Amino acid sequence: MPISYQLVEPPGHSPTLPSEENRSPFPVVDPGPELNSSANSTYLREATVDDLVNLRHVADKVPTIVWLVAFTGAAQRFAYYGTTVPWQNYLQNEPGNPLSPGALGFGQSTATIINNAFLFFSYLTPLPFAIISDSWLGRYKTLLLSLIIFIAGEIVLFVTALPFAIEDRDIALGGFIVAMILIGLGQGGTTAVIFPFLGDQIPERNPRVIRNKTGELVVTDPELTIQVVFNYFYWMINTAALATLATTSMERNIGFWAAYLLPLCFLSASIIPFVLWNGRLRKLPAQGNVLPHTARVLLLATRSRFHLAAADPSHQQSRHNRSVPWTSTFVREIRRGLRACRVIICFTIFYLCFNQTLNNIISQANEMEITGISNDTVQSFNAIFYIILNPLIQDCLFPFLSKRRMTFGPIARMTVAFILLAMAMAYAAGTQQLIYNSGPCFSQPLACDAAIVSTDGGTIRYRPNEISVWVQIPHYLLVALSEIFGFVALNEFTYAEAPTNMKALVKAFEQFTAALGAALGIALGPVSKDPSLVIMYSALAGTMAISGTLFFAVFRKHDAHWHSNKTVEDLESSTDTEAPTANDREKGPPQRCSGS
């Protein structure tokens, strides 16, 4: 079927058709009412190859339904952070100490190991949920099921943290274990599908030329649209993480049961609009289990010295005279997915260092002077810095670079994140050394006779070393910056590179990498105690810095093919593509030119 072309010029402009060789290779697509009627931009035409090379790229319009999904995901993170941040105190400290609230009294090393074990478990669970999502239930039903499981875990945790239950350590511990399993499953399922499902709601529009409110001609870019949506979703997640301000305060002043009740009520209420308005959501059907075919393709590639071309149907037919049940496109999609996985695996050390803020850094605050708030409340500064800095970077730094045609691709942003997190770990080592240089207990905080303040009821209470907890603040600033540059860029890269029927699976692999980081955290459990913490933080800082350097050296070439170059290559490869037929339209919208 021949492709038709159409040019729409604003009033007062005479139509000028592009030359034959520069016409858009895309079929004509209705730009949608929100673009035709926008007060801030005027739709002109489908982008040509020259447009993509010469015009500045901007994000496209984002429909409101995207933010409903983002709000639901943020509400789940509100519950997750609000519940799990108090866990270090819940596990580590004895009950009855108003200076250091606690329940089970396992001590720092054991509490850190249990916390890392939970992280390891919750990072592994996305894999089965990803398979269920992609091959059976679809992303919407999988997400809803995960939220229900998560709420069930919250209910168990709340009930077994009530005063009558917490007096019996066996009941409190048993309830915590059950809750930890359910919350880990719910967290894993949500993590596996929320980013792909959020990306599914972004309309799959071809690049187009528009005139913005300043009169400049610009090109809408699908990759930038994904970047903007994911950036603001992470901003919403960190806003939700401020739940820790409330839950850590309630933990200290009321009790752990109150700290767990708030996230339970908030999440339960938040999923109501997600269910009521589900008819407006774009729900891609499950596309069958691709794992058997993927395994066979990888096996054939392995037998041919890791050359994926050996699994191509044409190669199998010509060299081995046999047919295979997949297409050349499927092999190319696996190649893209593997490229994403190579980048993801490098985040193992990143997750190991980042997870320190969820356990050891909280325990570090417990060794410092603090007034009026709990030691785990300080962790909220991570989210506060993110909330302040992310809009500045998204709305000021990135447009500044874009207007000057300076590329800042995802690999470069991830490298910056690696270096920032290395600096955060180095700062944590310096802070720990300052604690060891301070009295009364120096390198054995909260464990010397000079720090005893009371012995009520046989419980010995200690005062911390004489150094203010606010010294920790720059650490959280560096961690927040590393999140802004690292996690958003990683999700942007992997969503664009992952094939449509493997997006949840690739996201699950990212969580598997996080599980490896948590496993390394478990291995560090025996040294996660005084007086070994300075050496541990210093080693993590050095490892993180080396990892960032190697990461950039290996993957920087991918940035050269991002945004415009990547789009131009895809455009040129699609010039012979026909307009979609009626049958094609029944199968769903065409894929983005970027292959995402």
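Reading the values: rules and limits
- Residue positions are given per chain, counted from 1 along the sequence in the order it is written.
- In view of the model being predicted, local features appear only for residues whose pLDDT reaches at least 70, and side-chain atom pairs are presented and counted only at 80 or more, with totals across whole chains, interfaces and linings using the full set of residues.
- To get the side-chain values, take all heavy atoms of the structure and skip hydrogens and water.
- One bridge is not enough; two strands pair if DSSP finds at least two bridges between them.
- The numbering of helices and of strands both runs from the N terminus, where a helix is a DSSP run of H or I of at least 4 residues and a strand a run of E of at least 2.
- The axes used here are C-alpha line fits, helices contributing only the stretch in contact, and every angle between their N-to-C directions lies in the interval 0 to 180 degrees.
- Working definition: roughly parallel below 35 degrees, roughly antiparallel above 145 degrees, roughly perpendicular at 65 to 115 degrees, and oblique for all remaining angles.
- Take the far helix as the reference: if the near one is turned anticlockwise from it by less than a right angle, the crossing is left-handed, and if turned clockwise, right-handed.
- Residue contacts are defined here by distance: any two heavy atoms, one from each residue, within 4.5 Å place the two residues in contact.
- Asp, Glu, Lys and Arg are counted as charged, while Ala, Val, Leu, Ile, Met, Phe, Trp, Tyr, Cys and Pro are counted as nonpolar; the rest, among them Gly, fall into the polar class.
- Any cysteine sulfur atom paired with another within 2.5 Å is treated as part of a disulfide.
- Note on classification: 1.4 Å probe, protein chains only; a residue is buried when its accessible area is under 20% of the maximum for its type, exposed when over 50%, partly exposed between these limits.
- Given the number of residues in a helix, its expected span is that number minus one, multiplied by 1.5 Å.
- Think of the arc as the fan of directions from the helix axis to the C-beta atoms.
- To count toward a patch, a residue needs a relative accessible area above 30% and no salt bridge. Like charges then connect within 9 Å, nonpolar side chains (Val, Leu, Ile, Met, Phe, Trp, Tyr) within 5 Å.
- All accessibility values rest on the Shrake-Rupley procedure with a 1.4 Å probe; residue burial counts only the protein chains present in the view.
- The salt bridge criterion pairs a side-chain nitrogen of Lys or Arg with a carboxyl oxygen of Asp or Glu, the two atoms within 4 Å.
- What pLDDT conveys is the predictor's confidence in a given residue, as a value from 0 to 100.
- Buried residues of nine kinds, namely Ala, Val, Leu, Ile, Met, Phe, Trp, Tyr and Cys, make up a nonpolar core once their side-chain atoms join them within 4.5 Å.
- Under the rule applied, a polar contact is a pair of N or O atoms within 3.5 Å (in protein, one hydrogen donor and one hydrogen acceptor; residues adjacent in sequence only if both atoms are side-chain atoms).

With respect to the sheet that holds strand β4 (residues 217-220)
- Read across the open sheet, the 4 strands follow the order β1-β3-β4-β2; overall the sheet is mixed. Sheet topology places β1 (42-46) and β2 (56-58) at the edges, where each strand pairs with a single neighbour. On average, each strand axis in the sheet is inclined to that of its neighbour by 40°, with strand direction left out of account.
- For strand β3 (residues 208-211) and β4, the ladder comprises 3 bridges, and the chain directions are antiparallel. Along β4, the bridge assignment pairs Ile210 with Val218.

Looking at the packing of helix α7 (residues 139-160) against helix α12 (residues 256-276)
- At their nearest, the axes of α7 and α12 sit 9 Å apart, and the two run at 155° to each other. The angle between α7 and α12 falls in the class roughly antiparallel. Between α7 and α12 lies a crossing of left-handed hand. Where α7 abuts α12, its residues Tyr140, Leu143, Leu144, Leu147, Phe150, Ile151, Glu154, Ile155, Leu157 and Phe158 lie against Trp257, Tyr260, Leu261, Pro263, Leu264, Leu267, Ser268, Ile271, Phe274 and Val275.
- Among the residues making up the contact of α7 with α12, the classes are represented as 18 nonpolar, 1 polar and 1 charged.

Digging into the environment of His57
- Take His57: it is sitting in strand β2.
- Once the C-alpha coordinates of His57 and Asp221 are considered, the two residues, 164 residues apart in sequence, prove to be 5.8 Å apart.

Notes on the pairing of β3
- Inspection of the sheet shows β1 paired to β3 by 4 bridges, in the antiparallel sense. The residue bridging Glu46 from the neighbouring strand is Arg208, located in β3.
- Counting the residues between successive antiparallel strands, the hairpin from β3 to β4 contains 5 residues, one of them, Gly215, with a positive phi of roughly 90°.

Quick notes on the state of the cysteines
- Inspection of every chain in the model, using the stated rule, returns 1 disulfide.
- Paired by a disulfide, Cys441 and Cys448 hold their sulfur atoms 1.9 Å apart. The disulfide joining Cys441 to Cys448 has a torsion of about -80° about its S-S bond and is therefore left-handed. Here Cys441 and Cys448 have matching classes, each one buried.

Let's talk about helix α13 (residues 291-303)
- A rise of 1.5 Å per residue sets the reference length of α13, with its 13 residues, at 18 Å; its end C-alpha atoms lie 18 Å apart and thus fit the reference within 8%.
- Taken residue by residue, α13 has Thr294, Val297, Leu300 and Ala301 as its buried positions. For α13, the angular spread of buried residues about the axis comes to 130°, placing them on one side.
- Trailing α13 by a residue or two, Arg305 shows a phi angle of about 60°, which is positive.

Some words on a nonpolar patch on the surface
- On the surface, Ile155, Val159 and Phe164 cluster together into a nonpolar patch covering about 280 Å² of accessible area.
- For Phe164, the location among the structural elements is in helix α8 (residues 163-166).
- Given a relative accessible area of 58%, Phe164 falls into the exposed group.

As for the pairing of β4
- Pairing analysis gives 3 bridges linking β2 to β4, with the strands arranged parallel. Residue Val58 lies in a different strand from β4, and its bridge partner there is Thr220.

Some words on the confidence of the model for the protein chain
- When pLDDT is averaged across the protein chain, the result is 83; 86% of the residues are at 70 or more.
- The low-confidence segment residues 1-39 (pLDDT under 50) makes 70 contacts with residues lying over four places distant or belonging to another chain.
- Here residues 567-596 is modelled with pLDDT under 50, and outside its nearest four sequence neighbours on either side it reaches 52 contacts, counting other chains as well.

With respect to the environment of Pro499
- Positionally, Pro499 belongs in the loop between α20 (473-497) and α21 (503-523).
- The sequence separation of Pro499 and Arg336 amounts to 163 residues, and the corresponding C-alpha distance is 7.2 Å.
- Once you skip the residues sitting within four places of it in the chain, Pro499 turns out to touch Glu333, Ile334, Arg336 and Gly337.

Brief notes about the packing of helix α5 (residues 108-124) against helix α6 (residues 126-137)
- Where α5 meets α6, the closest approach of the two axes is 5 Å, and the angle between their N-to-C directions is 15°. In terms of orientation, α5 lies roughly parallel with respect to α6. Contact residues: Ser122, Tyr123 and Leu124 in α5; Pro126, Leu127 and Pro128 in α6.
- Across the contact of α5 with α6, the residue classes break down as 5 nonpolar, 1 polar and no charged.

Some points on the pattern of salt bridges
- Using the criterion set out here, one finds 11 salt bridges in the structure.
- Here Glu497 makes a salt bridge to Arg339, at a shortest N to O gap of 2.6 Å. Within this pair, whereas Glu497 is found in helix α20, its partner Arg339 is found in helix α15 (residues 328-345), the two being separated by 158 residues in sequence.
- Accessibility expressed as a relative area gives 4% for Glu497, which makes it buried.

Side note on the nonpolar core
- Membership of the largest hydrophobic core comes to 140 residues, with the highest contact counts inside it found for Tyr90 and Met414.
- A total of 14 residues in this core trace back to one element, the largest contributor, which is α20.
- Apart from the residues within four sequence positions on either side, Tyr90 is in contact with Gly102, Ala103, Leu104, Gly105, Thr160, Ala161, Ile166, Ala172, Phe176, Phe256 and Tyr260.

Quick look at the side chain of Asn212
- Mapped onto the elements, Asn212 comes out in the loop between β3 and β4.
- Classification of Asn212 as buried rests on a relative accessible area of 18%.
- Within the local environment of Asn212, its side chain forms a polar contact with the side chain of Thr214, the two groups lying 2.7 Å apart.

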